[in-house]
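# Working through the structure, step by step
If you want the building blocks of each chain, they are given just below.
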Amino acid sequence: MGSVTSHFGPLCGKEEKRGELWPRASNVKKKRFFFLSSHRVCSTRWTNRITARCPRPIKAAHFSPRLIRLVFSVTEEERLFRANDRPFNLSYRYADNAIKTAKYNLFTFLPLNLFEQFRRLANAYFLFLMVLQLIPQISSLSWFTTAVPLILVLTMTAVKDASDDIVRRNRPAGNSLKRGRFADLMLLSSSEPLNLVYVETAELDGTKYLLVLMSTSHSQLICVADISLSLSLSGEVRCEPPNNRLDKFKGTLSLDGQTYSLDNDKVLLRGCTLRNTEWCFGLVIFGGPDTKLMQNSGKTIFKRTSIDLLMNVLVLCIFGFLALMCTVLAIGNAIWEVREGSVFTVFLPRDQEASAALSSFLSFWSYVIILNTMVPISLYVSVEIIRLGNSFYIDWDRKMYYPKSDTPAQARTTTLNEELGQIKYIFSDKTGTLTQNIMTFNKCSINGKAYGELLMQRLYKTDRVDFSWNRLADPKFSFHDHSLVETVRDGNPEARAFFRLLALCHTVMPEEKKEGELYYQAQSPDEGALVTAARNFGFVFRSRTPETIIAMELGRQVVYELLAVLDFNNVRKRMSVIVRSPEGKLTLFCKGADTIIYERLHPSCNKLMEVTTRHLNYAGDGLRTLVLAYKDLDESYMDEWKLRHHEASTAMDDREERLDQLYEEIEKDLMLLGATAVEDKLQDGVPQTIEQLAKADIKIWVLTGDKQETAENIGYSCNMLREEMKEIFVVSAFALEKSLHLELLRTACMCRTVICCRVTPLQKAQVVQLVKKYKQAITLAIGDGANDVSMIKAAHIGVGISGQEGMQAVLSSDYSFAQFRYLQRLLLVHGRWSYLRMCKFLQYFFYKNFTFTFVHFWYAFFCGFSAQTVYDEWFITLYNLVYTALPVLGMSLFDQDVNDRWSFQYPQLYSPGQLNLYFSKKAFVHCMMHSCYSSLILFFIPWAAMHDTVRDDGKDVADYQSFALLAQTCLLIVMNIQLCLDTHYWTAVNQFFVWGSLAAYFAVTLTMYSNGMFLIFTTSFPFIGTARNSLNQPNVWLTIFLTSLLCILPVVAFRFIVIQLQPTVNDKVRHKLRKEALPAPEPRLPPARRISTRRSGYAFSHAQGYGELVTSRRFLLKRPLRSRPALFAQTDSPLAQNQPQLYRTIAEEPEERPPQSEREPRMF
């Protein structure tokens, strides 16, 4: 076949060169996926992902250039497409189909990144400071002392931002995105009978249920074997504008004078995954950012920690305080110049034009430079290093490594670590995040007898049932109650009827990869699990036609005539089929929610119903329960009922009501068979993790697209819900309307547990933003699918789980790992430590720099406000870069109040971070007061000691240089002692940094004050002999000791009194740590069984409409055998190698808690 040139517009991206695309007509039947865009006809090999990819264009030799093109109207009311009308379509403009995930490009990176960095107030301040240092009249320090650190900070940040942007450029994930262009498609035709397409919507709503879409009733006339027919279409499509409604679509197709309706069942959304479809044709309706998935994705938000925001406020306060100090000193300079300045003009002459006002003005800016250490630029360098180090700890943590998938934990950002220690609300997805999305048949009750006790299996480790006698059994199916197999094989009629019902009453589509290898394609994993269970117990669903169901019953093929399917819906909560056996017996098989089925049972089943109810309660271990019943029908009644059923099903008015009446009529006086219990397996350690996080006073909200019953079952399994919680609040999606926001939040915050059901991806983000806005709390969102991206982006912290639903959530997250249980280690260990270390660092850093700066302030009153520095210039240069940099970094990278096991043992240790107890405005004020006191001691004690003091030989030592050396030595020793008091966890590295910094100070001081340095660099090292002459005097060392004692003793006394009178939870735990060893983890016991009194709904993930489908020939017909992966191949989940730990609460001073209310509310 030929090809056409690319001259069709922007939807498919850039104009591309000529090239071959289409195969010959004889090859069209190969497994391909076709797209009819508004610009060209596109094809791509099967990638298991719906994309609107436009590879190379088709040459023009054999095709008319009139292709189906896509253009939207300018208004927001509708979008308009015309096939093969290029001039009309080009009169409209529409967004490019490409998706931009990068923030920068090659040309905008430098200016935009610098602009963003200088938006940080401190960076702008240091730039301004560097400019001031270029003015010789006011600068007493060299300009490069600020320029070099500033350039270093900007460079490090730019490299990190560039790296993050390169990662963003490749989002969402996969080779298909890197190449391509995505779109929402209107289905035209497919390889399946009646143009059906089977899709999974895991990346849209988080569920891996199989859905069936069908094309328009007229589009099946398109001959896919001859692509030229698709180019002759002259139809027009009108549809709604782009929006974020995943469950709604409205439009019309005008073709050959007829108008056909378009709805959501005829649209393939970006993010869907095709199943069992060799090829299909689609018309692009929404492209690029207008696709519904992108409309639900939300905007990328630049996330900053609460400490960052607090630091911005504090920096502003520091600037104000700095301006106040400089103003005071400038006024002092003016007063001194007026009163005393004329005395010094004899040996310090000045220009005649100089005045006290000018001197005061210059003095102001000179002190701005000298006192700049109140906000040192090394603070931001150190913060980035600490965050980077704590990120490495997460990456290197072997206890967060998942060996089954070879997935380590990953810190995808280095700027949010301390925020992990302040989380108050967690918003979690359900499917794939809390659960494995793997359904297993665990228990059942048949004719009053219960089978499949998990407790017996766990305690006695019984062997799996051997199904080798059944050649069609699923080898991956696991069951441990051998008595059930014996009951079935011994001919028990109730047991056989039980599994016969499971094999017949469903809408599962079978497929044989090869002879004897069955694969079930179910639109809900619940049904797949039940049909697989019947298959293993000898009742194998083999195939179906619109009129028959073929099953193998204990090795014998039986063909049942399918007379009717009474479909499921949310009101009925049950499903029935009516079949005729080969013997001519008519039977109605029904399965559904227990409350629904019990109302329709024959009175003779009352006793059996009581026994089955006890089994349901006994088996309520968070499982999905289902009741099975049957009814024998009379032939004459069935004939009459079928006539009425046909009339109702073809009626144009009140069709649903009339059908419901017929269903109610025939589904009466049912005979009870038993009940089933299916488990959506939780991930390992989920209940323990949720319990631990709850003890840490972290509130967990589950946001899921599933139905209420599904979420309720998982809530019980996870210990989020308990039986004593009686009150249930059911909230519909309209509660997220703006007018109801506050009422929803107020009601939700009254509940211990909040589960939001049937929410769209955008609604998940809205819930997160609602809590962020009104609760002013730190939030974390965790999910594993593309439908969780909006929520992950909206929260302060986004965590992605690398599960079975792709990598979109991971690539949009700040942190990622493989299992939900690792969240407790991320928060209770890494998050808490990071927050504690950062707060300690900030408190100590501000303390040491404020103290350093205040000494300058006090000295100004003794130097005529001349902006002379109290310290040696080299000490000023090296104070933050060498002498105090490594000790504080050592504390900030290695310090622990308690180790990780004690952190798990007492989750309450997490609460101080939620309350901002370690670093806040109040703590900052305390830090300033502490610095003020220390600076007074550090200045006036050495000043008083050196005043009128002589050496042992009678010579005077009260000179400026000796005082400067004594003051700076006292300062450095006090800072190191204070650091030692703040350090709880000592390592060899900490010891080396502390002692090494002191050794480096004395080594550098003795070297720089030596005769040799003075002779080589006379102007740079004027303090010749100062160290040698001062440090050999006993009174100097006595002054150092006295100064250190007066600075440290009040701190020790104050902390002792606080611990005795108002001990924190950290103080209590550290006290216990000294007295007792941490007990070994207790053995892992089977979870206690929960006695459930609730009633489960049927088919929690089921959808309405499939009964009609299986009886209308619109389903998967049997085709020649070919290779295809199993959709519901069940896999065992072996125990994780990292066993969850069992923890106990703090026993000291137990709190009096009121008893649990029997009507404690919970919310859905």
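As the structure is a computational prediction, the values presented were derived from the model and not from experiment.

Okay, unusual backbone geometry next. Residues other than glycine predominantly adopt negative phi, and peptide bonds predominantly adopt the trans conformation. You will see that Asp697, though not glycine, has its phi angle at about 65°, which is positive. Topologically, Asp697 is positioned in the loop between helix 20 (686–695) and strand 26 (699–703). Residue Ala867 is not a glycine yet carries a positive backbone phi of 65°. A residue is classified by how much of its surface remains accessible, and Ala867, at 12% relative accessible area, is buried.

What follows covers the nonpolar core. Of all hydrophobic cores here, the largest spans 95 residues; its most connected members are Phe126, Tyr367, Leu379, Phe841, Leu842, Phe846 and Tyr871. The leading source of residues in this core is helix 26 (residues 822–860), at 17 residues. Of all hydrophobic cores here, the second largest spans 51 residues; its members include Tyr451, Leu530, Phe539 and Leu673.

Turning next to the confidence of the model for the chain. The share of residues in the chain with pLDDT of 70 or more is 73%, and the mean pLDDT across the chain is 76. A low-confidence stretch, residues 1–75 stays under pLDDT 50, and its non-local contacts, those more than four residues away or across chains, total 249 contacts. Counting contacts from residues 217–226, a segment whose pLDDT is below 50, to residues more than four positions away or on other chains yields 20 contacts.

The next subject is the packing of aromatic side chains. Summed over all chains, the structure comprises 51 aromatic pairs. Relative to Tyr960, the ring of Tyr859 has its centre 6.3 Å away and its plane inclined at 35°; by these criteria the two rings are tilted. With a gap of 101 residues between them, Tyr859 in helix 26 and Tyr960 in helix 32 (residues 960–982) connect regions that are remote in the sequence. With 5.6 Å between their ring centres and 15° between their planes, Trp902 and Tyr906 make a pair best called stacked. Overall, Tyr906 belongs to the buried group, its relative accessible area being 0%.

Moving on, we get to the pairing of strand 24 (residues 624–633). Burial within strand 24 is extensive, with eight of its 10 residues counted as buried. Relative to strand 24, strand 23 (residues 586–592) runs antiparallel, the two being bridged by seven bridges. Across the sheet, Gly592 pairs through a bridge with Val627, a residue of strand 24. Sheet topology note: the strand 24/strand 25 (residues 671–682) ladder contains seven bridges and is antiparallel. The partner of Arg624 across the bridge, within strand 25, is Val678.

Attention shifts here to a nonpolar patch on the surface. Taken together, the side chains of Leu324, Val328, Phe861, Phe862, Leu936, Phe940 and Trp943 define a hydrophobic patch exposed on the protein surface, amounting to about 590 Å² of accessible area. Breaking the nonpolar patch down by element, the ones donating at least two residues are helix 9 (306–339) and helix 31 (921–946). Ranked by residues supplied to the nonpolar patch, first place goes to helix 31 with three residues. Inspection of the secondary structure puts Leu936 in helix 31. Overall, Leu936 belongs to the partly exposed group, its relative accessible area being 31%.

Before going further, it helps to spend a moment on the environment of Leu502. In this structure, Leu502 sits in helix 14 (residues 493–504). Exposure remark for Leu502: the relative accessible area of 1% places this residue in the buried category. Residues Leu502 and Phe541, spaced 39 residues apart in sequence, show a C-alpha to C-alpha distance of 8.9 Å. If we ignore the near neighbours within four places in the chain, the residues touching Leu502 are Leu530, Val531, Ala534, Leu628 and Thr676.

Once that is clear, we can look at helix 32. With 23 residues, helix 32 extends 33 Å between its outermost C-alpha atoms, agreeing within 8% with the 33 Å of an ideal straight helix rising 1.5 Å per residue. The N-terminus of helix 32 is capped by Asp959, whose side-chain oxygen sits 3.1 Å from the backbone nitrogen of Gln961.

Here we take up the pattern of salt bridges. Overall, the coordinates contain 29 salt bridges when judged by the stated rule. When the shortest N-O distance is used, the salt bridge between Arg580 and Glu561 registers 2.8 Å. With a gap of 19 residues between them, Arg580 in strand 22 (residues 574–580) and Glu561 in strand 21 (residues 556–566) connect regions that are remote in the sequence. Three or more residues joined by partner-sharing salt bridges are found here, namely Arg572, Arg574, Glu599, Arg600, Glu664 and Glu667.

Calculation rules
Residues numbered from 1 in each chain as written. Predicted model: local features only at pLDDT ≥ 70, side-chain atom pairs only at ≥ 80, totals over all residues. Heavy atoms only, no water. Helix = DSSP H or I, 4+ residues; strand = E, 2+ residues; numbered from the N terminus. Buried < 20%, exposed > 50% of the residue type's maximum accessible area, 1.4 Å probe, protein only. Core = buried A, V, L, I, M, F, W, Y, C linked by side-chain atoms within 4.5 Å. pLDDT = per-residue confidence, 0-100. Contact = heavy atoms within 4.5 Å. Phe/Tyr/Trp six-rings, centres within 6.5 Å; stacked < 30°, edge-to-face > 60°. Pairing = 2+ DSSP bridges. Patch = residues over 30% accessible without salt bridge, like charges linked within 9 Å, V, L, I, M, F, W, Y side chains within 5 Å. Areas by Shrake-Rupley, 256 points an atom, 1.4 Å probe, with all protein chains shown as cover. Salt bridge = Lys/Arg side-chain N within 4 Å of Asp/Glu carboxyl O. Expected span 1.5 Å × (residues − 1). Polar contact = N/O pair within 3.5 Å; in protein donor to acceptor, adjacent residues only side chain to side chain.

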